[in-house]
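Tertiary structure, described
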Amino acid sequence: MNYTLKPHINKQLFRTALLICSMIWFLTACTKKTIPRNDNPSNPADSTVVLDTLPSFNSPSGITIDAAGNLYVADYGNNLIRKITPAGVVSTFASSGNQGRIDATGTLASFSRPTGITADNAGNLFVADAGNNKIRKITQAGVVSTFAGIDTTGAVNGAGNVASFFDPLSVAVDPSGNVYVADAGNNLIRKITSAGVVSTLAANDTTNNSTAPELNNPTGVAVDAAGHVYVANYLNNNILLVNPTGAVSLFAGTGQQGADNGSASSATFYLPNNVALDAAGNVYVADGINNLIRKIATDGTVSTLAGSGMAGAIDSTGVNASFNGPAGLIVDPVGNVYVADSNNNLIRKITPAGVVTTIAGSGLQGSKNGVAIAYRNKRQIKNTFKNNLNLLYRPKPK
């Protein structure tokens with residue numbers, strides 16, 4: 001007797017086969033894979049990298065370096081403080097990632113929109129915790145405490161536990177341990193002694209006959225060994241100099257929006273976001289909207305160290321490289337400039353000769369730790385531009 005399969009049995013077999021194929025495809029797709037690296041193909045040991053180890057950032061806005069060569073990043077969008085060792089390992093140094101103001105150790109602590117970061121000679125970190133209107137301190141052991149600032153906005157001076165700030169965005173520390181703050185919302189430059197006492201170093205002169213330049217949303221500070229403070233004066237498109245007595249003078253920039261190089265008195269900037277100093281006294285500027293890293297030499301000459309001016313993530317030399325919303329800057333003892341390339345979610349390095357490389361970040365928003373190798377394809381870079389968080393536009397708080 002001949003039997004034939006009924007139509008519904010044929011359908012059942014088909015569905016079963018389809019399900020098995022789907023499961024095989026899913027398991028294969030979920031298996032960890034390696035992808036080719038394009039940074040050193042001549043080295044067989046460097047030929048592949050596990051995708052899951054690629055670290056990621058979310059609008060990094062501040063960066064500093066300690067005496068051992070470790071980089072620390074204020075990872076603004078993740079509410080984290082990240083660490084990058086000289087060997088290229090990225091880890092979370094402090095904070096849970098949850099927005100908050102908890103003082104604790106390591107990942108038990110919390111921050112809110114950490115924007116600026118600096119390190120003292122002992123390796124302590126100071127963080128401009130903008131969302132909390134506080135300056136936080138992190139020891140080498142990762143213990144987080146509130147160095148200055150209370151839970152409300154204001155411009156009160158005094159001991160750290162009574163002083164107040166309004167949107168502090170950048171910090172710098174001098175060799176004596178004094179911390180300087182770009183108190184953007186108050187249009188002030190504040191000074192905190194090593195004992196935690198807060199005072200106002202510089203404020204706008206409101207007298208009618210004043211000729212001093214105006215502080216207008218200062219977003220970046222750097223300090224030299226003599227106590228001179230350099231200020232990225234964001235909304236006025238210039239760089240100011242504050243001497244140790246608090247007198248404010250114009251250091252570079254006409255105040256007009258632009259990207260003109262030349263003498264300090266004729267150069268132009270476009271919403272300069274941050275500043276850094278090298279050992280020789282040269283000043284570097286994260287020229288945010290221009291997507292440039294500018295250099296102001298000790299003779300006052302302004303030039304472009306790196307960047308084409310077009311938003312991008314190209315590693316190259318000088319004006320052939322590109323950035324997207326560069327924010328934090330720091331210079332190491334031999335003159336390398338490290339950049340928190342905020343809208344690219346990358347950490348970049350510029351040699352004194354202007355050679356730009358990416359040292360950490362996948363280009364995608366995230367908070368992964370791992371080996372600091374950048375693998376970026378065109379799709380990743382395109383997605384980065386779509387999902388950026390614009391740290392550069394900081395309207396004056398009301």
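Residues numbered from 1 in each chain as written. Predicted model: local features only at pLDDT ≥ 70, side-chain atom pairs only at ≥ 80, totals over all residues. Heavy atoms only, no water.

**Digging into the sheet that holds strand β24 (residues 301–306)**
Keep this limit in mind: Whether two strands pair depends on DSSP finding at least two bridges between them. Put simply, DSSP H or I for four residues or longer makes a helix, DSSP E for two residues or longer makes a strand, and each gets a number counted from the N terminus.
Across the sheet, which stays open at both edges, the five strands sit in the order β20-β24-β23-β22-β21 with antiparallel pairing between neighbours. Strands at the two margins of the open sheet, each flanked by one partner only, are β20 (262–263) and β21 (272–277). Summarising the sheet, strand β22 (residues 283–287) and strand β23 (residues 292–296) pair through five bridges and their orientation is antiparallel. Opposite V283, over in β23, you have I296 as the bridge partner.

**Points about the sheet that holds strand β15 (residues 197–202)**
With antiparallel pairing, five strands are arranged side by side in an open sheet as β11-β15-β14-β13-β12. Each of the sheet's edge strands pairs with one partner strand only, and the pair in question is β11 (158–159) and β12 (168–173). As judged from the five bridges shared by β12 and strand β13 (residues 179–183), these two strands associate in the antiparallel manner. In the sheet register, V171 faces β13, and the bridge partner there is V181.

**Quick look at unusual backbone geometry**
Test applied: Residue exposure (1.4 Å probe, protein chains only): buried if accessible area is under 20% of the type maximum, exposed if over 50%, otherwise partly exposed.
In this structure, N133 is a non-glycine residue whose phi angle is positive, near 55°. In this fold, N133 is placed in the loop between β8 (125–129) and β9 (134–138). Even without being glycine, N217 reaches a positive phi, approximately 60°. Checked against the element boundaries, N217 lands in the loop between β15 and β16 (218–223). N217 gets classed as buried once you look at its relative accessible area, which sits at 0%.

**Focus: the environment of R190**
Quick note on the threshold: Definition of a polar contact: a pair of N or O atoms within 3.5 Å, with one able to donate and the other able to accept a hydrogen when the atoms are protein atoms, and with sequence-neighbouring residues admitted only if both atoms are side-chain atoms.
Topologically, R190 is positioned in strand β14 (residues 188–192). With relative accessibility at 0%, the residue R190 sits in the buried group. Distance from R190 to A203, taken between C-alpha atoms, is 8.8 Å for residues 13 residues apart in sequence. Of the polar contacts made by the side chain of R190, one reaches the side chain of N157; its length is 2.9 Å. One polar contact links the side chain of R190 to the main-chain carbonyl oxygen of S164, over a distance of 3.0 Å.

**Examining the side chain of K134**
Which entries qualify depends on this criterion: By definition, residues are in contact when any of their heavy atoms lie within 4.5 Å.
Note on placement: K134 falls in strand β9. Residue K134 is classed as buried on the basis of its relative accessible area of 7%. Engagement of the side chain of K134 in a polar contact is seen with the side chain of D151, the distance being 2.8 Å. Dropping the residues within four chain positions of it, K134 is found in contact with R101, V127, A128, D129, T146, A148, G149, I150, D151 and P168.

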